[in-house]
Amino acid sequence: MQQFSLFTQEVTGPKPPLKWAGGKRWLLPHLAPIWKNHKGYRLVEPFVGGMAVTLGLRPHSALLNDINPHLINFYCWLQRGLIIENTELRNDSDIYYANRQRFNALIEGGKASSSEAAGLFYYLNRTGYNGLCRFNSRGLFNVPFGKYKTINYTHDFTGYQHALTRWEFRTGDFESLIVGANDFIYADPPYDVEFTSYSAGGFSWEDQIRLAKWLAVHDGPVVVSNQATRRVLDLYRDYGFTIPRPLDAPRMISCNGDRTPAKEMLATRNI
């Protein structure tokens, strides 16, 4: 009975374990009808992020990749039945900065793939400012303390083990993934905006072009989301994607208090 405390009762499936800026849980009602006709396929996410889409669609098999090795390490430990025992999970600035320092020490000491690092990553994600995941040029986590009044932390993640059993996790560039015609690719790259320091190397406009080219030659079904900037829309139209009217997306982060909907592109190919 314990595992059900981690799940919602909605049709969107298991609740994502992380607070993720730009998460796509809101997009599931638009993706589910497309996925319904391809349930026998392996779901491939080159930018898995908060994993909301894969958890919501619940494929039998999946290949989930991200350039952020600390995120993937957390998911790999979820597969093993992560229980956080020796990390203090408390919404306190002193504890936060002490845990951040310990996490960065593990990175510098070559121990970033440990269960301790996975637990610290979860704590920093839940407690840091706006759920940001940001690293400096040295690859060290540098998000400041958040301003939440209360945080409900999870210590026992064993309820996720069954859902993740047949999913493969990888870390690296999207072009390193080996995919075939029976793979359904859902790509949600970093937005085409100035702030792209999600990883130490960022994600440039050249990377956006490289991704569009890679997706365009895939023989199987492809769905890609991104902020609906003019050049992103033009890019995917040029590569033969079908692009319906942009969707209204909730703003997950706003420094100036603006919460008006942003425009989201949802482009498809071979659907």
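Everything that follows concerns the structure shown earlier in this document.
The structure presented is a predicted model; accordingly, all values stated were derived computationally and were not measured.

Peer 1: Can you tell me about the sheet that holds strand E6 (residues 247-249), naming the residues and giving the values?
Peer 2: The strand order E3-E2-E1-E4-E5-E7-E6 describes an open sheet built from seven strands, whose pairing is mixed. Among the strands making up the open sheet, the edge pair consists of strand E3 (167-171) and E6. On average, adjacent strands in this sheet sit at an angle of 20 degrees to one another, irrespective of strand direction. In this fold helix H3 (residues 69-80) packs onto strand E2 (62-66) and E3, with an angle of close to 155 degrees to the strand it touches most, E3.

Peer 1: Account for helix H7 (residues 230-238), with residues named and values stated.
Peer 2: Within the sequence span of H7, burial applies to Val-232, Leu-233, Leu-235 and Tyr-236. The buried residues of H7 occupy an angular sector of 160 degrees when the element is viewed end-on, so they sit on one face. Set apart from the buried face of H7 by more than 90 degrees, the exposed residues are Arg-230 and Asp-238. On its buried face, H7 is in contact with helix H6 (205-216), strand E5 (222-227) and strand E7 (262-269).

Peer 1: Help me get a handle on unusual backbone geometry, residues and values and all.
Peer 2: Trans is the prevailing form of peptide bonds, just as negative phi is the prevailing case for residues other than glycine. Even without being glycine, Met-51 reaches a positive phi, approximately 65 degrees. Positionally, Met-51 belongs in the loop between strand E1 (42-45) and helix H2 (52-57). In the Ramachandran plot, Asn-130 falls in the positive-phi region, its phi being about 55 degrees despite a non-glycine side chain. In this structure, Asn-130 sits in the loop between helix H5 (115-127) and E3.

Peer 1: Any details on the packing of H3 against H5? Residues and values, ideally.
Peer 2: Closest axis-to-axis distance for the H3/H5 pair is 9 Å, and the angle between their directions is 110 degrees. Taken together, H3 and H5 sit at an angle that is classed as roughly perpendicular. For the pair H3 and H5, the sense of crossing is left-handed. In this structure, H3 uses His-70, Leu-71, Asn-73, Phe-74 and Trp-77 to contact H5, whose residues at the interface are Ser-115, Ala-117, Ala-118, Phe-121 and Tyr-122.

Peer 1: Got a sec to walk through the nonpolar core? Specific residues and values, please.
Peer 2: In this structure, Met-51, Phe-74, Tyr-75 and Phe-103 are the most contacted members of the largest nonpolar core, which totals 56 residues. Going through the elements one at a time, helix H1 (28-36), H2, E2, H3, helix H4 (93-108), H5, E3 and strand E4 (183-187) are the ones with two or more residues in this core. Here this core takes seven residues from H5, the largest share from any one element. If you look at the next biggest cluster of nonpolar residues, it comprises 24 residues, including Leu-211, Ala-212, Val-224 and Phe-241.

Rules and cut-offs
Residues numbered from 1 in each chain as written. Predicted model: local features only at pLDDT ≥ 70, side-chain atom pairs only at ≥ 80, totals over all residues. Heavy atoms only, no water. Pairing = 2+ DSSP bridges. Helix = DSSP H or I, 4+ residues; strand = E, 2+ residues; numbered from the N terminus. Axes fitted to C-alpha atoms, helices over the stretch in contact; angles between N-to-C directions. Contact = heavy atoms within 4.5 Å. Buried < 20%, exposed > 50% of the residue type's maximum accessible area, 1.4 Å probe, protein only. Arc of directions from axis to C-beta. Parallel < 35°, antiparallel > 145°, perpendicular 65-115°, else oblique. Left-handed = near helix turned anticlockwise from the far one by under 90°. Core = buried A, V, L, I, M, F, W, Y, C linked by side-chain atoms within 4.5 Å.

The values reported here are purely geometric and, on their own, carry no functional implication.
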